[in-house]
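Residue-level structure breakdown
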Amino acid sequence: MKEQEKVMLTGVRPSGNITLGNYLGAIKNFVVRQSLYKSYIFVADLHAITSPRNPEELRNAVNDCMAMYLACGVDPNQTIIFRQSDVLEHGVLGFIMTFQTHMGELSRMTQFKLKSQTCGKHGIDTGLFVYPPLMSADILLYNTSIVPVGLDQQQHVELTRDLAQRFNRRYGDTFKEPDVYIAPVGNKILNLQNPTEKMNKSDGQNMGTIFLMDDLKLVRKKIMAAVTDSETVIHFDEEQKPGISNLISILSAITGEDIPSIEKRFEGRGYGDFKREVADVVCHLLEKIQANYQKFKNPEILDDILNDGAKKARIVASETLERAKLALGLK
Ligand code: AMP
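Scope of this entry: the structure provided in the associated data block.

About the cut-offs
Residues numbered from 1 in each chain as written. Predicted model: local features only at pLDDT ≥ 70, side-chain atom pairs only at ≥ 80, totals over all residues. Heavy atoms only, no water. Helix = DSSP H or I, 4+ residues; strand = E, 2+ residues; numbered from the N terminus. Rg over C-alpha atoms; globule rule 2.2 N^0.38 Å. Buried < 20%, exposed > 50% of the residue type's maximum accessible area, 1.4 Å probe, protein only. Areas by Shrake-Rupley, 256 points an atom, 1.4 Å probe, with all protein chains shown as cover. Pairing = 2+ DSSP bridges. Expected span 1.5 Å × (residues − 1). Contact = heavy atoms within 4.5 Å. Disulfide = S-S within 2.5 Å. Phe/Tyr/Trp six-rings, centres within 6.5 Å; stacked < 30°, edge-to-face > 60°. 1 Å grid on protein atoms, 1.4 Å probe; cavity = no way out; pocket = protein on both sides within 12 Å on 5 of 7 lines; lining within 4 Å. Points joined across faces, edges and corners; volume = space filled by probe spheres on them. Nonpolar A, V, L, I, M, F, W, Y, C, P; charged D, E, K, R; others polar. Domains from an automatic or database assignment. Core = buried A, V, L, I, M, F, W, Y, C linked by side-chain atoms within 4.5 Å. Axes fitted to C-alpha atoms, helices over the stretch in contact; angles between N-to-C directions. Parallel < 35°, antiparallel > 145°, perpendicular 65-115°, else oblique. Left-handed = near helix turned anticlockwise from the far one by under 90°.

With that out of the way, let us pick up the overall build of the chain. From N to C terminus, the chain includes 13 helices and five strands. Since a compact globule built from 331 residues should have a radius of gyration of about 20 Å, the 20 Å found for the chain is in line with a globular shape. Counting the 331 residues in the chain, one finds 50% classified as buried. Total accessible area computed for the chain in this model is approximately 15600 Å², and 51% of it derives from carbon and sulfur atoms.

Put into structure tokens, the structure is as follows:
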């Protein structure tokens, strides 16, 4: 493959509102690096239909998700922003990559094991099972070097590397093997009410999840009501003190202050004081994002950006797909 500038890519499913976990685990890490790479970010709408969705809701969610990327600092002058389903190559390469994958590999995916437990009586959707090879296609189409994601997606990027290697071995050098980027702090933000579980979009309107569009009074209430422990020491210990450690991670990931410095600053001070500071910092961040969001929530601006992004993305994606088809003997 010819030498080219390094590529960074990430995506977020347009399902429900974006959470503080999505922001700290993926979007923020993308935004601060977007000028260093040839950058792509996409709204993963094909991943949103792995389970049945209301079409009108999905359409609105795509626009909301896009406006939120822009509000969080994704810059269309530096980054190619597109909707996954606008670039048909994702579907075709996803299909091809599914055929490179073993059943055992997909059954071992932690996200599949976790999510399949909560499926209703209609059973497990195959979408939940086969979405990792689609994610591999999303990454491989753009010759990606680095994929900033939260800890929950690390295994899927590792699978992508395995599939790329397998394909290259079988059919000749076709795909670039990507590296995952996991932020040292904020890679797994936990539910504020149940700090042994990840903060999830699908947790709905409960008190454990902070959505970027939450009313700021509610955000403060959620943080002040966060489950902690019966001690009074502000100390980072994920095993013994998951609630406090989660709040320390949130504070550190937003401000950049390191964990020992936070612990030192709060020596001898109570949980109330600490939570108030976390709430101030989170509210300050969300206030800025929410103000930006209102500016960007304009369907015309969003359509222009998405159309332009899809055009640029298609050029690279079609080249990669052609290369893969040629390697497979499909041309
Ligand atoms: P999803 O909500 O599954 O579309 O996830 C989009 C991105 O956000 C992925 O990179 C996830 O790894 C990341 N992410 C989701 N939830 C969290 C969380 N609670 N903490 C850190 N990163 C997260």
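One can find Ser51 in the loop between α2 (45-48) and α3 (55-71). A relative accessible area of 34% places Ser51 in the partly exposed class. C-alpha of Ser51 to C-alpha of Ala317: the two residues are 266 residues apart in sequence and 26 Å apart in space.

It is worth spelling out the pairing of strand β1 (residues 7-12) at this point. The side chains of a regular strand alternate, first on one face of the sheet and then on the other. For β1, a buried count of five out of six residues is recorded, marking the element as mostly surrounded by other parts of the structure. In this structure, β1 lies alongside strand β2 (residues 38-43), joined through six bridges in parallel fashion. Each bridged residue has a counterpart across the sheet, and for Met8 the counterpart in β2 is Ser39.

Within an α-helix, residues lying three or four positions from one another point in the same direction, as the helix has 3.6 residues per turn. Between its first and last C-alpha atoms helix α10 (residues 242-255) spans 20 Å; for 14 residues at 1.5 Å apiece the expected length is 20 Å, and the two agree. Summarising burial for α10: twelve of the 14 residues are buried, a large majority. Listed in full, the buried residues belonging to α10 are Gly243, Ile244, Ser245, Asn246, Leu247, Ile248, Ser249, Ile250, Leu251, Ser252, Ala253 and Ile254. Buried-residue contacts for α10 involve α1 (20-31), α9 (216-224), α11 (259-265) and α12 (271-296). Looking one or two places after α10, you find Gly256, whose phi comes out positive at around 85°.

According to the stated counting rule, one finds zero disulfides in the structure shown. Summary of cysteine pairing: Cys65 is not part of a disulfide, and the nearest cysteine sulfur, belonging to Cys72, is at 9.3 Å. Note on Cys72: relative accessible area 8%, which makes it buried.

Turning next to the packing of aromatic side chains. For the coordinates displayed, the defined rule picks out nine aromatic pairs. With 5.0 Å between their ring centres and 65° between their planes, Phe112 and Phe129 make a pair best called edge-to-face. Taken together, the residues span a long stretch of sequence, with Phe112 in helix α6 (residues 110-117) and Phe129 in helix α7 (residues 126-140) at a distance of 17 residues. Considered together, Phe112 and Phe129 belong to a single accessibility category, that of buried residues. Seen in terms of ring centroids, Phe167 and Phe175 are 4.8 Å apart; in terms of plane orientation they differ by 55°. Their pairing is tilted.

Taken as a whole, the second largest pocket holds about 310 Å³ of empty space. As for the second largest pocket, its lining consists of 16 residues, and the residues nearest its centre are Lys188, Leu190, Phe236, Glu238 and Ser249. No other element matches α10, which puts four residues into the lining of the second largest pocket. Of the residues that constitute the lining of the second largest pocket, the class distribution is seven nonpolar, six polar and three charged. When we break the lining of the second largest pocket down by domain, the ones giving at least three residues each are domain 1 (7-187 + 298-328) and domain 2 (216-293).

Here the focus is the nonpolar core. The biggest cluster of nonpolar side chains holds 60 residues, and the ones touching the most others in it are Leu20, Tyr69, Ile210, Ile223, Ile250, Phe274 and Val282. Residue contributions to this core peak at eleven residues, all from α12. Here this core spans two domains, and each of domain 1 (7-187 + 298-328) and domain 2 (216-293) adds at least three residues to it. For Ile223, the residues in contact, after removing those within four places along its chain, are Leu192, Ile210, Leu247, Lys275, Val278, Ala279 and Val282. Leu106, Phe129, Ala164 and Ala310 belong to the second largest nonpolar core, which has 38 residues in total.

This part takes up the packing of helix α4 (residues 89-98) against α7. One can describe the packing of α4 onto α7 by two numbers: an axis separation of 8 Å at closest approach and a directional angle of 125°. By the angle class used here, α4 and α7 are oblique. Between α4 and α7 lies a crossing whose hand is right-handed. Contact residues: His90, Leu93, Gly94, Met97 and Thr98 in α4; Val130, Pro133, Leu134, Ala137, Asp138 and Leu140 in α7.

Keep in mind these numbers describe shape, not what the thing actually does.
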